[in-house]
Amino acid sequence: MKNVLVPVDGSANSLRAVRYMVDYIQENGPCALHLLNVQLPIVSGTVLTFIDQKTIQEYYEDEAKMALSDAKALLDRAGIVYEVALRVGNIADTIKNYATEQRCDHIVMGSRGLGAAGSLLLGSVTLKVLHTIHIPVVLIN
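These figures come from a predicted structure and were not determined experimentally. (Residues numbered from 1 in each chain as written. Predicted model: local features only at pLDDT ≥ 70, side-chain atom pairs only at ≥ 80, totals over all residues. Heavy atoms only, no water.)

(A) Region of the structure containing the overall build of the protein chain. Scanning the protein chain for helices and strands turns up 5 helices and 5 strands. Taken against the 2.2 N^0.38 rule, which gives 14 Å for 141 residues, the C-alpha radius of gyration of the protein chain at 15 Å falls within 12% of a compact globule. Along the first, second and third principal axes, the C-alpha set of the protein chain runs to 50 × 30 × 25 Å. Here the protein chain holds 141 residues, and the buried ones make up 38% of them. Pairs at least 24 apart in sequence give 74% of the contacts found in the protein chain among residues at least 6 apart. Here the protein chain contributes 12 positive and 14 negative side-chain charges, whose respective centroids are spaced 4 Å apart. (Helix = DSSP H or I, 4+ residues; strand = E, 2+ residues; numbered from the N terminus. Rg over C-alpha atoms; globule rule 2.2 N^0.38 Å. Buried < 20%, exposed > 50% of the residue type's maximum accessible area, 1.4 Å probe, protein only. Contact = heavy atoms within 4.5 Å. Lys, Arg positive; Asp, Glu negative; His and termini not counted. Charge placed at Lys NZ, Arg CZ, Asp CG, Glu CD.)

(B) Inspection of the sheet that holds strand β5 (residues 137-140) at higher detail. Taking strand neighbours across the sheet as the criterion, the 5 strands line up as β3-β2-β1-β4-β5 in an open arrangement whose pairing is parallel. In the strand order of this sheet, the two ends are held by β3 (83-88) and β5, each with one partner. Here the average twist between neighbouring strands, direction ignored, is 25°. The sheet contact formed by strand β2 (residues 32-39) and β3 spans 6 bridges and is parallel. Looking at the pairing, Val38 lines up with Arg87 of β3. Running at roughly 145° to β2, helix α3 (residues 53-78) makes contact with β2 and β3 of the sheet. Packed on one face of the sheet, helix α4 (residues 91-101) meets β1 (3-7), β2, β3 and β4 (106-110) and runs near 150° to β2. (Pairing = 2+ DSSP bridges. Axes fitted to C-alpha atoms, helices over the stretch in contact; angles between N-to-C directions.)

(C) Structural view of the packing of helix α1 (residues 12-28) against α3. Two numbers describe how α1 lies on α3: the axes approach to 9 Å, and their chain directions differ by 15°. Accordingly, the angle class assigned to the pair α1 and α3 is roughly parallel. In this structure, α1 crosses over α3, and the sense of that crossing is right-handed. Mapping the contact onto sequence places Leu15, Val18, Arg19, Val22 and Gln26 in α1 and Asp70, Ala71, Leu74, Leu75 and Ala78 in α3. When the residues that make up the contact of α1 with α3 are grouped by side-chain class, the tally is 7 nonpolar, 1 polar and 2 charged. (Parallel < 35°, antiparallel > 145°, perpendicular 65-115°, else oblique. Left-handed = near helix turned anticlockwise from the far one by under 90°. Nonpolar A, V, L, I, M, F, W, Y, C, P; charged D, E, K, R; others polar.)

Rendered as structure tokens:
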């Protein structure tokens, strides 16, 4: 059984990647499906001085919930079982580490996400994942 990671940031491209997996699963049968949302860490010393860690964690969880809501609804409507994870860190490195930890054999991701201004053709996160991961990556445009 395939073990597939779909990074989701709430962008239209990440939702298209989820739709791709819905079609794939409906045509080819079930697979282990992981939705991953990665939040960038808050590093501002000023913010960290005045806001406690619990509040910051709640912020990460709220942001992830919003980013994942459409993807989860799509999978729920299709009756597809999936795992959801939230991580905080460098996005490309965290995607790579999660795929390694979960022994994913594929990544399906949008070619550009919400923060894709770093490249004309592909998002900067996508490029970093492509250059550092050693499993197949399917890009959805």
